[in-house]
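Per-entry structural report
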Amino acid sequence: MFKIFGIGGAGCNFVAGTKLPSVAIGSTAADLERCQRAEKLVISSEQFVNFALTDPSMLSKNIIPQQIRDKFEECEISILIAGLGGITGSHGMRFLSTVAKILGKNALCISSLPFSVESETRRNAALEAMKDIEGRTELLICFENDKLKDLVPRMPIDKAFKIMNSIMERPILDLSRVMTNADIPVMRQVAGNSGSFRLGVGLGRGTYRDRNAIREAFESPWFDFDLKSSPSAFAIISSHPVDEKEVEDVVGEIHNWLPNSKLMIGSYEDPSLGDRLRISLLIGKPKL
Ligand SMILES: Nc1nc2c(ncn2[C@@H]2O[C@H](COP(=O)(O)OP(=O)(O)OP(=O)(O)O)[C@@H](O)[C@H]2O)c(=O)[nH]1
Ligand SMILES: [Mg+2]
């Protein structure tokens, strides 16, 4: 079972808008107020900083506060979500990735990266956290907030964040349909040569729905690097029903776009799509 752990302001914003099983973790009770459906936990940012800066090899089950351990109890795969750059989110994600490992639970991380107009200290903190988390987790998916400008130009920031949250939910919904704990070793192997991943989603309809969906997915504003340098990628294809031949064609086409990537594929039936085909692509950036 997947469980979301929203950490800090951005993480709690995500939790407030999702129906998926979630825990909201904030440094103040105010962060948690808007998360009505979720379990809640207040942990001071100082506590997260201390834990995050402790060498992971020195951490053991007994050091992890019981209230944190309890939240991991009933989940197989934990999805940690935070805005990197914030103190609570950056250090919380570092520490909780290691906690998940110690407790034998797999963790995937999804994070936003600060706008370039935010302070340099914040952007550097985000980059440092990102590099550290890459080494602690199975898969890290990052979303540069700057790309919101391309996606939803001139939209007020709170509305834009809501749209971004629904985009960030996509890989969770997809992976929860195609992945179990048993797939994690292969996922680790595929993801291992990449740093963090970026998302592109495409929807297609009509005779050429596969081509249209692929084109739209590759037009993602987050694919702003040389895709031929990507060491690995995940593609999840959904339609109703799933047509195996179509999936095969899509995979062939993705290989053409990503000639040097190890590719892991999943597909599932989604009746809500009607006659449309959806492709979600996670493409790995080379390690820095
Ligand atoms: N995409 C997205 N990014 C957000 C959101 N809220 C904040 N951010 C980004 O996340 C970064 C961290 O902000 P917060 O999540 O508020 O920080 P925090 O983790 O609570 O950390 P501290 O308050 O410093 O302890 C910010 O610099 C923004 O770039 C959100 O709702 N969505
Ligand atoms: Mg905060």
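Our subject in this report is the structure included herewith. (Residues numbered from 1 in each chain as written. Chains lettered and ligands numbered in written order. Predicted model: local features only at pLDDT ≥ 70, side-chain atom pairs only at ≥ 80, totals over all residues.)

**A short note on the packing of helix α3 (residues 45-52) against helix α5 (residues 87-102)**
Geometry of a packed helix pair, given as the angle between the helix axes and the separation of the axes. Interaxial distance between α3 and α5 falls to 8 Å at its minimum, and their mutual angle equals 40°. With respect to their mutual orientation, α3 and α5 come out oblique. Where α3 crosses over α5, the handedness of that crossing is left-handed. Contacts between α3 and α5 involve Ser-45, Phe-48, Val-49, Phe-51 and Ala-52 on the former and, on the latter, Ile-87, Thr-88, His-91, Gly-92, Arg-94 and Phe-95. Split by residue class, the contact of α3 with α5 holds six nonpolar, four polar and one charged. (Axes fitted to C-alpha atoms, helices over the stretch in contact; angles between N-to-C directions. Helix = DSSP H or I, 4+ residues; strand = E, 2+ residues; numbered from the N terminus. Parallel < 35°, antiparallel > 145°, perpendicular 65-115°, else oblique. Left-handed = near helix turned anticlockwise from the far one by under 90°. Contact = placed C-beta atoms within 7 Å. Nonpolar A, V, L, I, M, F, W, Y, C, P; charged D, E, K, R; others polar.)

**What to know about the pairing of strand β4 (residues 77-83)**
Counting buried positions along β4 gives seven out of seven residues, so the element sits mostly inside the fold. The alternating pattern of β4 places Ile-77, Ile-79, Ile-81 and Gly-83 and Ser-78, Leu-80 and Ala-82 on opposite faces, both of which are buried. Where β4 and strand β5 (residues 106-113) come together, seven bridges link them in parallel fashion. In the sheet register, Gly-83 faces β5, and the bridge partner there is Ser-112. (Buried ≥ 20, exposed ≤ 12 C-beta atoms within 10 Å, placed from the backbone. Pairing = 2+ DSSP bridges.)

**Thoughts on the site of ligand 1**
For ligand 1, the set of nearby residues contains 21 residues, the closest of which are Gly-8, Gly-9, Gly-83, Gly-86 and Gly-89. Of all the secondary-structure elements, those providing two or more residues to the shell around ligand 1 are α1 (8-16), β4, α5 and α8 (157-178). For the shell around ligand 1, the element with the most residues is α1, which contributes four residues. The residue makeup of the shell around ligand 1, split by class, is seven nonpolar, twelve polar and two charged. (Near = placed C-beta within 6 Å.)

**Topic: the packing of α5 against helix α6 (residues 120-136)**
Remark: α5 packs on α6, axes separated minimally by 9 Å, with the N-to-C direction vectors making an angle of 5°. Considering the angle they form, α5 stands roughly parallel to α6. Mapping the contact onto sequence places Ser-90, Met-93, Arg-94, Ser-97 and Thr-98 in α5 and Ala-125, Ala-126, Ala-129, Asp-132, Ile-133 and Arg-136 in α6. Its residues placed into classes, the contact of α5 with α6 shows five nonpolar, three polar and three charged.

**Regarding α6**
For α6, with 17 residues, the first-to-last C-alpha span of 24 Å sits near the 24 Å given by 1.5 Å per residue. Along α6, the residues that are buried comprise Ala-126, Ala-129, Met-130, Ile-133, Glu-134 and Arg-136. On an axial view of α6, the arc spanned by its buried residues comes to 155°, and they lie on one face. In α6, the exposed residues that point more than 90 degrees away from the buried face are Glu-120, Thr-121, Asn-124 and Gly-135. On the buried face of α6, the contacting elements are α5, β5, β6 (139-144) and β7 (194-204). (Expected span 1.5 Å × (residues − 1). Arc of directions from axis to C-beta.)

**Some remarks on the nonpolar core**
The biggest cluster of nonpolar side chains holds 74 residues, and the ones touching the most others in it are Phe-5, Ile-79, Leu-80, Ile-81 and Ile-279. Both domains that furnish three or more residues to this core are identified here as domain 1 (2-189) and domain 2 (195-286). Setting aside residues up to four positions removed in sequence, Ile-81 forms contacts with Ile-4, Phe-5, Gly-6, Ile-7, Gly-11, Phe-14 and Ile-110. (Core = buried A, V, L, I, M, F, W, Y, C linked by C-beta atoms within 7 Å. Domains from an automatic or database assignment.)

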